[in-house]
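What the coordinates show
The residues making up each chain are set out below.
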Amino acid sequence: MSEHVALYRKHRPSTFAEVRDQDHIVSVLEGAIAKKTIPHAILFSGTRGTGKTTLARIFAKEIGVSDVDLYEIDAASNRGIDDIRELREAVHTLPYESEKKVYIIDEVHMLTKEAFNALLKTLEEPPAHVIFILATTEEEKLLDTILSRCQVFRMHSPSRTVLAQIVTDVAKKEGFTLNKDAADLIAIAADGSFRDALGVTQKVILASGDEIGEADEVATIIGAPKGSILSDVLAGLSEKNTEKALTAVGLVVDQHGDIKLFMKLLLERMRAVMLVRNMPGKAQELLDAFSEADQEQIKTLAGEAGSALNSHALLELLAAAEGIGKTQLSHLPLEMAIINICNK
């Protein structure tokens, strides 16, 4: 693997067929191309790392726009009225090689109010040879007048299953094997971002001493807790053993682990316990996302042994998750939740 090329760039989709988890958008775009009803302005809205600009490039390519007639503008660094005035003048120039030319404006919500108004005039009456594709992570900051002149597509954050499959496939192409638990941990840490998932995968490949990525190895690299620490917290809560649970959290703090990620993983296991207990018919489907050792613990705690892991405990942990980041000691809300649960 080349260390100089980011995996998210090297393995980004280049055709509609390679785009994952955005079928609701791809089918409409393919239909528009087939019927030759191309909108003059498109907006892709979605959280970071969901592939907005990648999909914009693919769309431009599919309608026959060459690289020389494709322009990408970062609104975060070209946000003023003068920048948009230059754009308004440039759009009247005919394409060099293609029937159309496409302007991709990324993070369009960063434009100043004056720049927005100038862009609006261009969107209202664009030259016939121009297509605008706007991309934003904050659609709510856009003027209604801008939105009304665009065909708006809202992109899904990829599911954990899709992300795990993608990082597994990319790792394999790079001559590296991610085991199931490692891929799943990367998917959780990526928090719905294709880019972040592949960024973590690249770190794992570079840091690994061999060609196989294990879950604990991934945990060390991304600051996540080892599975045994999560198991100890759950066991401590179920036994109402305050010291055991707090000691496990202390290990995360001592290792400078990511408390927010730790909380997310803990909540996921708590959710599994609650659902397996209350939806026995779907227990195995719920358990498939976990390792064999974790599955055994979750099944045990879903029974009488985990009676302390109830809705009260879950609400305490949810409140703690909300509190993380709002105090100088990020682990404090979790520690207080543990004390409350164990002493209830």
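A brief report on the enclosed structure follows. Just so it is clear, the structure is predicted and the values come from calculations on it, not from any experiment.

Criteria and thresholds
- Residues numbered from 1 in each chain as written.
- Predicted model: local features only at pLDDT ≥ 70, side-chain atom pairs only at ≥ 80, totals over all residues.
- Heavy atoms only, no water.
- Helix = DSSP H or I, 4+ residues; strand = E, 2+ residues; numbered from the N terminus.
- Expected span 1.5 Å × (residues − 1).
- Buried < 20%, exposed > 50% of the residue type's maximum accessible area, 1.4 Å probe, protein only.
- Contact = heavy atoms within 4.5 Å.
- Pairing = 2+ DSSP bridges.
- Axes fitted to C-alpha atoms, helices over the stretch in contact; angles between N-to-C directions.
- Parallel < 35°, antiparallel > 145°, perpendicular 65-115°, else oblique.
- Left-handed = near helix turned anticlockwise from the far one by under 90°.
- Nonpolar A, V, L, I, M, F, W, Y, C, P; charged D, E, K, R; others polar.
- Phe/Tyr/Trp six-rings, centres within 6.5 Å; stacked < 30°, edge-to-face > 60°.

1. What about helix α12 (residues 242-254)?
Across its 13 residues, α12 extends 18 Å between first and last C-alpha, which sits within 8% of the 18 Å expected from 1.5 Å per residue. Among the residues of α12, Ala245, Ala248, Val249, Gly250 and Val252 are the ones counted as buried. Each element contacted by the buried residues of α12 is listed here: α11 (227-239), α13 (259-278) and α17 (332-342).

2. So, the sheet that holds strand β1 (residues 41-45)
Ordered in space as β2-β3-β4-β1-β5, the five strands form an open sheet in which the pairing is parallel. Looking along the sheet, the strands with just one partner apiece sit at the ends: β2 (70-74) and β5 (151-154). Taken pair by pair, the neighbouring strands of this sheet meet at an average axis angle of 15°, ignoring direction. When β1 meets β5, the two strands line up parallel, connected through four bridges.

3. So, the packing of helix α7 (residues 160-173) against helix α9 (residues 194-207)
Where α7 contacts α9, the axes come no closer than 10 Å and their chain directions differ by 40°. The orientation of α7 relative to α9 falls into the category oblique. Judged by the sense of rotation from one axis to the other, the crossing of α7 with α9 is right-handed. Counted together, Val162, Leu163, Ile166, Val167, Val170 and Ala171 of α7 and Phe194, Ala197, Leu198, Thr201 and Ile205 of α9 form the full contact between these two elements. Looking at the contact of α7 with α9, its residues break down into ten nonpolar, one polar and no charged.

4. Side note on the packing of aromatic side chains
For the structure shown, the criterion picks out three aromatic pairs. Aromatic pair tyrosine 71 and tyrosine 103: ring centres 4.8 Å apart, planes at 15°, arrangement stacked. Placement of the pair is tyrosine 71 in strand β2 and tyrosine 103 in strand β3 (residues 101-106), with a sequence separation of 32 residues. A network of ring pairs unites the aromatic residues Tyr71, Tyr103 and Phe132 as a single cluster.

5. Remarks on the packing of α11 against α12
Orientation of α11 relative to α12, taken along the N-to-C sense of each, is 155°, at an axis distance of 7 Å. Classed by the angle they form, the pair α11 and α12 counts as roughly antiparallel. Where α11 crosses over α12, the two elements pack in a sense that is left-handed. In this structure, α11 uses Ile229, Asp232, Val233, Ala235, Gly236, Leu237 and Glu239 to contact α12, whose residues at the interface are Lys244, Ala245, Ala248, Val249, Leu251 and Val252. Looking at the contact of α11 with α12, its residues break down into nine nonpolar, one polar and three charged.

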